[in-house]
Amino acid sequence: MNAARGGNIERVGVVGCGLMGSGIAEVCARAGLDTLVHEVDLPALEAGRRRIEHSLGRAAERGRITAAEREQALCRISYTTDLADFADRDLAVEAIPEIEQLKLRVFAALDEAMAKPEALLASNTSSIPVMKLAAATGRPGRVMGVHFFNPVPVLDLVELVPCLTTDDTAWERMHAFVTTGLGRQVITSQDRAGFVVNALLIPYLLSAVRMFESGFATADDIDKGMVRGCAHPMGPLALADHIGLDTTLAVAQSLYAEFKEPLYAPPPLLSRMVEAGHLGRKSGRGFHSYASPPAAKPA
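Only a predicted model underlies this, so the values are computations on that prediction, with no experimental measurement involved. In this numbering scheme, every chain counts its residues from 1 along its sequence in written order. With pLDDT at 70 or above as the cut-off, local features in this predicted model cover only qualifying residues; side-chain atom pairs require 80 or more to be listed or tallied, and sums for whole chains, interfaces and linings still use all residues. Excluding hydrogens and water, the side-chain figures rest on all heavy atoms present in the structure.

Undergrad: Talk me through the packing of aromatic side chains; I want residue IDs and the actual numbers.
TA: For Phe, Tyr and Trp, where Trp contributes only its six-membered ring, two rings pair if their centres lie within 6.5 Å, and the inter-plane angle classes them as stacked under 30 degrees, edge-to-face over 60, or tilted in between. By the definition in use, this model includes 2 aromatic pairs. Geometrically, the ring pair formed by Phe 212 and Phe 287 is edge-to-face, given 5.7 Å between the ring centres and 90° between the ring planes. Taken together, the positions of Phe 212 in helix H7 (residues 197–213) and Phe 287 in the segment after helix H11 (268–275) put the pair 75 residues apart, joining distant regions of the chain. Exposure categories follow from relative accessible area, calculated using a 1.4 Å probe and restricted to protein chains: below 20% of the type maximum is buried, above 50% is exposed, and the middle band is partly exposed. In this structure Phe 212 comes out as partly exposed when scored by relative accessible area, which is 29%. According to the relative accessible area criterion, Phe 287 is buried, its value standing at 10%. On the numbers, 5.7 Å between centres and 40° between planes, the contact of Phe 259 with Tyr 264 is tilted. Geometrically, a lysine NZ or arginine CZ counts as sitting over a ring once it is within 6 Å of the ring centre and also within 35 degrees of the ring normal. The lysine or arginine in question, Arg 49, covers the ring of Tyr 79, its NZ or CZ lying 4.2 Å from the ring centre. Helical segments are the DSSP runs of H or I of at least four residues, strand segments are the runs of E of at least two, and each set is numbered from the N terminus.

Have a look at this one:
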């Protein structure tokens, strides 16, 4: 990758290697970037490694990349459990669960760990105001939201979310990195909870949960209605399962906390399902049942 055309970003760190973090790491490595992945412990790190290897293997099998490109991407990815190893990174992308206090701690730690004063910090948050994260650092001008969509290697949209303190140079570098460096499509949002996509999507998903909760229709019929009747590729309850019911709940809670609009209020059933561990595809059970959580498959 031409560094100047990619925002002068050549070394990327990704904090978190779950479904989103592993996908972000994969697309960075496929774009030719030196990519360092962080997880909290060795078991989580090994699970993330398997997830990336499995995804790259499927991409090669389906002809989206060659076998040589798969091996090259794997060679560009390294792994660590120590954020101090991010000292040489040009950019760090946080992709951990939607828990505000946890994200704040990570941003403070990244700010301390990253030695380059011009290094950028980005969050893949889907709902938490970016300004809160920027305020946890000593470099608020170089913090912004960079929201990818799942599955990251397949969906090419990224929401860029500058906050009140983001400076113009940081914005220009990040825009160049995402568009030219990664080859992604970009939309821009103000720093409001939910940004563009989730502010529109979450009320739709919650209305489907309320319909099911009330006994108005079955989960299968609700999903079939939107797929067959509105040409959606996936029904709302299946989509909530795909996103993760815990993530759906967290985004709804963040939206409701900011706007206090009834359409953002999480239905009781959604909260109960998360409490029961019925999180959708990743747990094997949500509004629908799944044979096994795909993320747990070995390479």
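Undergrad: Residue-level account of the pairing of strand E4 (residues 91–94), with values.
TA: Consecutive residues of a regular strand have side chains that alternate between opposite faces of the sheet. Taking every second residue as pointing to the same face, both faces of E4 are buried, with Leu 91 and Val 93 on one and Ala 92 and Glu 94 on the other. Bridge count between strand E1 (residues 11–15) and E4: 4 bridges; the pairing is parallel. When the sheet's bridge partners are listed, Val 14 is paired in E4 with Val 93. In this structure, E4 lies alongside strand E5 (residues 120–123), joined through 4 bridges in parallel fashion. Directly across from Leu 91, in E5, lies its bridge partner Leu 120. Whether two strands pair comes down to DSSP finding at least two bridges between them.

Undergrad: How would you summarise the pattern of salt bridges if you had to cite specific residues and measurements?
TA: Each salt bridge in this description consists of a side-chain nitrogen of Lys or Arg and a carboxyl oxygen of Asp or Glu lying within 4 Å of one another. Applying the stated criterion across every chain yields a total of 14 salt bridges. Between Arg 89 and Asp 88 there is a salt bridge, and its shortest N-O distance comes to 3.0 Å. For Asp 88, a relative accessible area of 29% puts it in the partly exposed group. Via salt bridges that share partners, Arg 11, Asp 34, Asp 88 and Arg 89 belong to a single interconnected network.

Undergrad: Give me the lowdown on the packing of helix H9 (residues 236–243) against helix H10 (residues 245–259), citing residues and values where you can.
TA: A fitted line through C-alpha atoms represents every axis, and for helices the fit uses only the stretch in contact; the resulting angles, taken between N-to-C directions, go from 0 to 180 degrees. The contact between H9 and H10 brings their axes to 5 Å, and the two run at 95°. By the criterion of interaxial angle, the relationship of H9 to H10 is roughly perpendicular. Where H9 abuts H10, its residues Ala 240, Asp 241 and Ile 243 lie against Leu 245, Thr 247 and Thr 248. Residue composition of the contact of H9 with H10, grouped by class: 3 nonpolar, 2 polar and 1 charged. Each angle receives one of four descriptions, namely roughly parallel if under 35 degrees, roughly antiparallel if over 145, roughly perpendicular if within 65 to 115, and oblique otherwise. Contact criterion: two residues are considered in contact whenever any of their non-hydrogen atoms come within 4.5 Å of each other. Residues were grouped as follows: Ala, Val, Leu, Ile, Met, Phe, Trp, Tyr, Cys and Pro as nonpolar; Asp, Glu, Lys and Arg as charged; and all remaining residues, including Gly, as polar.

Undergrad: Account for the environment of Asp 241, with residues named and values stated.
TA: With respect to the helices and strands, Asp 241 occurs in helix H9. For the pair Asp 241 and His 288, spaced 47 residues apart in sequence, the C-alpha separation works out to 7.5 Å. Once you skip the residues sitting within four places of it in the chain, Asp 241 turns out to touch Leu 279, Gly 280, Arg 281, Gly 286, Phe 287, His 288 and Tyr 290. A polar atom in the side chain of Asp 241 sits 2.7 Å from the side chain of Tyr 290. Polar contacts, as counted here, are pairs of nitrogen or oxygen atoms within 3.5 Å of one another; within protein the pair requires one atom able to donate a hydrogen and one able to accept it, and residues that are adjacent in sequence qualify only if both atoms are side-chain atoms.

Undergrad: Tell me about the side chain of Ser 254, residues and numbers included.
TA: Mapped onto the elements of the fold, Ser 254 is located in helix H10. Aside from chain neighbours lying at most four places away, what touches Ser 254 is Ser 127, Ile 128, Pro 129 and Ala 193.

Undergrad: Go over the sheet that holds E5, please, and point to the residues and values.
TA: If you walk across this open sheet you meet the 8 strands as E3-E2-E1-E4-E5-E6-E7-E8, and the pairing is mixed. One side of each edge strand has no neighbouring strand; the edge strands of this open sheet are strand E3 (77–80) and strand E8 (185–188). Each neighbouring strand pair of the sheet contributes to a mean axis angle of 25°, computed without reference to strand direction. With 5 bridges joining them, strand E6 (residues 143–148) and strand E7 (residues 157–162) adopt antiparallel strand pairing. Within E7, the residue paired with Phe 148 across the bridge is Val 158.

Undergrad: An account of the nonpolar core is needed here, citing residue identities and associated values.
TA: Here, nonpolar core refers to any group of buried Ala, Val, Leu, Ile, Met, Phe, Trp, Tyr and Cys residues whose side-chain atoms link them within 4.5 Å. Grouped together as the largest cluster of nonpolar side chains are 37 residues, with contacts concentrated most on Val 12, Ile 24, Ile 52, Leu 91, Val 146, Met 174 and Phe 177. A total of 5 residues in this core trace back to one element, the largest contributor, which is helix H1 (residues 19–30). With residues up to four places along the chain from it excluded, the contact list for Val 12 reads Cys 28, Leu 33, Asp 34, Thr 35, Leu 36, Arg 89, Leu 91 and Phe 177. Formed by 21 residues, the second largest nonpolar core is a distinct cluster that contains Ala 219, Leu 237, Leu 249 and Leu 270.

Undergrad: I'd love a proper account of unusual backbone geometry, names of residues and values included.
TA: Backbone torsion omega between Asn 150 and Pro 151 reads 0°, so that peptide bond is classified as cis. Within the secondary structure, Pro 151 sits in the loop between E6 and E7. At Phe 195, a position not held by glycine, the phi torsion is positive, near 55°. Within the fold, Phe 195 resides in the loop between E8 and H7. The phi torsion at Lys 260 lies on the positive side, around 55°, for a residue other than glycine. Counting through the fold element by element, Lys 260 comes out in the loop between H10 and H11.

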